[in-house]
Amino acid sequence: MWFRNVRVFRFTKPFDITAEALEEKLLEDVFKPCGPQETTRQGWVPPLGKHGEQLVHSAGGYHLVTLRKEEKILPGPVIKELVEEKVEMIEAEQGRKVPRKEKDELKEQVMLEMLPKAFSKNRRCYAYLAPKDGMLIVDASSAKQAEDLASALRKSLGSLPVRPPAVEQAPTFTLTGWLNETIDVPSSLTLGDECELKDPSEDGGVVRCKGLDLQGDEIRSHLDAGMQATRLALTWEDSLSFILDEELGIRRLKFGDTLQEKLDDVEADDAVARFDAAFSLMTLELARLIPGLLEALGGEDRSAIVEAA
């Protein structure tokens with residue numbers, strides 16, 4: 001149960017919910033497969049998959065949930081070809097030109113005919129609520145995917161006061177400073193061998209570097225020319241490695257050997273027990289990493305956060 005990506009949302013005011021109350025809310029939006037004429041549908045499913053029935057898996061005050069989304073796959077070229085065939089048939093039989101509006105109607109007709117036989121693509125997105133840390137953590141590679149899950153959770157709960165965290169200074173400023181050595185890299189972090197540099201001008205280019213000394217002359221020459229770091233490979237306390245981007249997104253998260261050894265030491269023969277152990281280890285580690293990163297990036301801007309009384 002290791003997340004591969006991390007998108008963080010900060011609760012803007014005190015928020016707490018029990019596992020039981022969360023389960024009850026999610027049951028109202030449980031996943032149901034697409035109907036014959038539906039192109040997409042989503043809903044909540046058990047995080048444990050076939051090994052569980054509960055929609056919420058809780059451990060240590062953290063509540064894990066899973067959003068499943070089903071999308072029917074309708075190949076564009078096939079639809080286009082079928083529409084063209086219908087258009088040609090109408091024009092040949094009726095001796096008239098088919099207008100655009102009628103072509104659009106034919107396209108909708110073709111799609112409705114294909115939907116019952118279309119293949120489905122299913123995707124699961126995991127997230128956990130961390131009320132005691134004031135955060136919602138989503139395993140998503142893009143901000144949009146994370147926001148989609150937050151929106152679905154907001155719909156089920158009726159209210160979800162969250163927003164992405166903000167820091168006191170622009171992440172690009174700090175990431176660039178770490179590379180050109182104008183800002184000290186915190187002792188908890190080690191630079192990796194991968195980065196993305198962007199020219200901030202309107203039509204500026206992008207340079208992606210991998211397998212290089214990030215504080216070497218080649219990178220420095222790009223920085224001296226005015227480019228800024230927008231992604232940076234980092235290792236945290238020798239236990240986690242990842243790519244940090246300018247939106248505070250964490251990608252390609254890898255848990256080190258130490259955490260894996262801790263999991264291996266857990267005396268758990270069944271899948272459910274190992275899942276629970278992995279989830280507990282992961283949440284505890286991320287509960288240390290995320291505040292540490294926010295502090296390293298200049299400190300969190302909490303001006304829009306309503307603090308607990």
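Before any of the text, the structure's been laid out above.
Here we summarise the structure given alongside this text.

Cut-off values and rules
For every chain, the first residue of the written sequence is number 1, and numbering continues from 1 along that sequence. Per-residue local features of the predicted model are confined to residues with pLDDT of at least 70, and side-chain atom pairs are confined, for both listing and counting, to 80 or more; whole-chain, interface and lining totals are unaffected and use all residues. Excluded from the side-chain calculation are hydrogens and water; included are all heavy atoms of the structure. Comment: elements are numbered from the N terminus, with helices defined as DSSP H or I runs of at least four residues and strands as E runs of at least two. Here a polar contact is recorded for every N or O atom pair within 3.5 Å, except that within protein the pair must consist of a potential hydrogen donor and a potential acceptor, and residues adjacent in sequence are included only if both atoms are side-chain atoms. The contact criterion used is simple: two residues touch if any of their non-hydrogen atoms lie within 4.5 Å. Joining through side-chain atoms within 4.5 Å is the link that ties buried Ala, Val, Leu, Ile, Met, Phe, Trp, Tyr and Cys residues into a set, and such a set is a nonpolar core. Partly exposed describes any residue whose relative accessible area lies between the buried limit of under 20% and the exposed limit of over 50%, with all areas from a 1.4 Å probe on protein chains only and scaled to the type maximum. By the convention used here, strands pair only if DSSP detects at least 2 bridges between them. Axis definition: a line fitted to C-alpha atoms, limited for helices to the stretch in contact. Angles are taken between N-to-C directions and run from 0 to 180 degrees.

**Let's talk about the side chain of Glu196**
- Mapping Glu196 onto the fold places it in strand S8 (residues 189-198).
- A polar atom in the side chain of Glu196 sits 3.0 Å from the side chain of Arg208.
- The contact partners of Glu196, leaving out residues within four places of it in the chain, are Val206, Val207, Arg208, Gln228, Ala229, Thr230 and Arg231.

**Description of the nonpolar core**
- If you look at the biggest cluster of nonpolar residues, it comprises 45 residues, and the most contacted ones within it are Tyr128, Ile137, Leu179, Phe242 and Leu286.
- The leading source of residues in this core is helix H8 (residues 271-296), at 9 residues.
- Excluding residues within four positions of it along the chain, Leu286 makes contact with Val6, Tyr128, Ile137, Leu253 and Pro291.
- Counting 25 residues, the second largest nonpolar core, distinct from the first, contains Cys125, Val138, Ala140 and Leu153.

**Some words on the environment of Ala229**
- Structurally, Ala229 is set in strand S10 (residues 228-236).
- Each C-alpha atom of the pair Ala229 and Asp199 lies 9.1 Å from the other, and the pair is 30 residues apart in sequence.
- Once residues within four sequence positions are removed from consideration, Ala229 is found in contact with Thr172, Leu175, Thr176, Leu179, Glu196 and Leu197.

**A few points about the sheet that holds S8**
- Across the sheet, which stays open at both edges, the 5 strands sit in the order S9-S8-S10-S11-S12 with antiparallel pairing between neighbours. Where the open sheet ends on each side, the last strands, each with one partner, are strand S9 (206-210) and strand S12 (250-255). Taken over all neighbouring pairs, the strand axes of this sheet differ in orientation by 15° on average, direction set aside.
- Of the pairings in the sheet, the one linking S8 to S9 comprises 5 bridges and is antiparallel in character. What sits directly across from Leu197, in S9, is Val207.
- Each of S8, S10 and strand S11 (240-245) is contacted by helix H5 (residues 171-180), which is oriented at about 70° to S10, the strand it contacts most.

Remember, this is a structural readout, not a statement about activity or role.
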